[in-house]
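Examination of the molecular architecture
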Amino acid sequence: MQAATQLLELYRLGLEAVRGDHAVYQALMAAGTQAACHVLAIGQAAEAMYQGVERYLDKDIKTALLISPYGHFSPELLANRQLTVLEAAYPIPAESSLIAGQALLQYLAQLPANEPLLLLVSGGASSLCEVLEDSWSLDKLQTAIQIKRAAGASVVEMNALYQQASRIKGGK
């Protein structure tokens, strides 16, 4: 019985260590002083990562844009009028992903020059936020993703597809 209890405690500690809020807070603590900044969080863990920043910076978050899959935000976060919160399609991009991509570009364009931005990215970001190259349509991307997924493509292969189709991925 004692071994089972110890295993459960180790499991609990492992889960705690990788929680988005905890991981971001610990990273900020380890890095030292983080000045007041703007926050951009994209992915399935956008809310949790934002909570880690919020815990660390308290009132020093200037603006924030959070993008996550439909249904991933808490009602409390959705009700927070100080944040811009967008929900988009996952795991296959949809029109909502294109809207989120345009919102991302607008958010970045309106940031004051020389003010820090903390960018937090977690799983799912590739489908949540997209600005397509002129040679790509949403239908073409959705079809290509479905074909690759059906063939068992790896994450690396999927990311290569997203980079090819996107104006904002792969260091662009």
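Further up the page is the structure itself.
Residues numbered from 1 in each chain as written. Predicted model: local features only at pLDDT ≥ 70, side-chain atom pairs only at ≥ 80, totals over all residues. Heavy atoms only, no water.

**As for the sheet that holds strand 2 (residues 61-69)**
- Ordered in space as 3-2-1-4, the 4 strands form an open sheet in which the pairing is parallel. Each having just a single partner strand, strand 3 (84-88) and strand 4 (117-121) make up the two edges of the open sheet. Sheet twist, expressed as the mean angle between neighbouring strand axes with direction ignored, is 10 degrees.
- Two strands pair when backbone bridges link them, and strand 1 (residues 37-42) and strand 4 are joined in this way by 5 bridges, in the parallel orientation. (Pairing = 2+ DSSP bridges. Helix = DSSP H or I, 4+ residues; strand = E, 2+ residues; numbered from the N terminus. Axes fitted to C-alpha atoms, helices over the stretch in contact; angles between N-to-C directions.)

**Section: the side chain of Ser 97**
- In this fold, Ser 97 is placed in helix 5 (residues 95-110).
- On the basis of relative accessibility, which here comes to 0%, the residue Ser 97 falls in the buried class.
- Dropping the residues within four chain positions of it, Ser 97 is found in contact with Ala 88, Ala 89, Ser 127, Leu 128, Cys 129 and Glu 130. (Buried < 20%, exposed > 50% of the residue type's maximum accessible area, 1.4 Å probe, protein only. Contact = heavy atoms within 4.5 Å.)

**Structural notes on the layout of surface pockets**
- Looking at the largest pocket, its volume works out to about 550 Å³.
- Lining the largest pocket are 25 residues, and of these Val 121, Gly 124, Ala 125, Ser 126 and Lys 169 sit closest to its centre.
- Within the residue set of the lining of the largest pocket, elements represented by two or more residues are strand 1, helix 5, strand 4, helix 6 (125-128) and helix 8 (155-165).
- With 4 residues, the single largest contributor to the lining of the largest pocket is helix 8.
- Of the residues contributing to the lining of the largest pocket, the split by class is 16 nonpolar, 7 polar and 2 charged.
- Reported here for the second largest pocket is a volume of approximately 200 Å³.
- Lining the second largest pocket are Tyr 50, Glu 54, Asp 58, Lys 59, Asp 60, Ile 61, Lys 62, Thr 63, Ala 64, Asn 80, Gln 82 and Leu 83.
- Contributions of two or more residues to the lining of the second largest pocket are made by helix 3 (46-57) and strand 2.
- The dominant element in the lining of the second largest pocket, judged by the number of residues it contributes, is strand 2, at 4 residues. (1 Å grid on protein atoms, 1.4 Å probe; cavity = no way out; pocket = protein on both sides within 12 Å on 5 of 7 lines; lining within 4 Å. Points joined across faces, edges and corners; volume = space filled by probe spheres on them. Nonpolar A, V, L, I, M, F, W, Y, C, P; charged D, E, K, R; others polar.)

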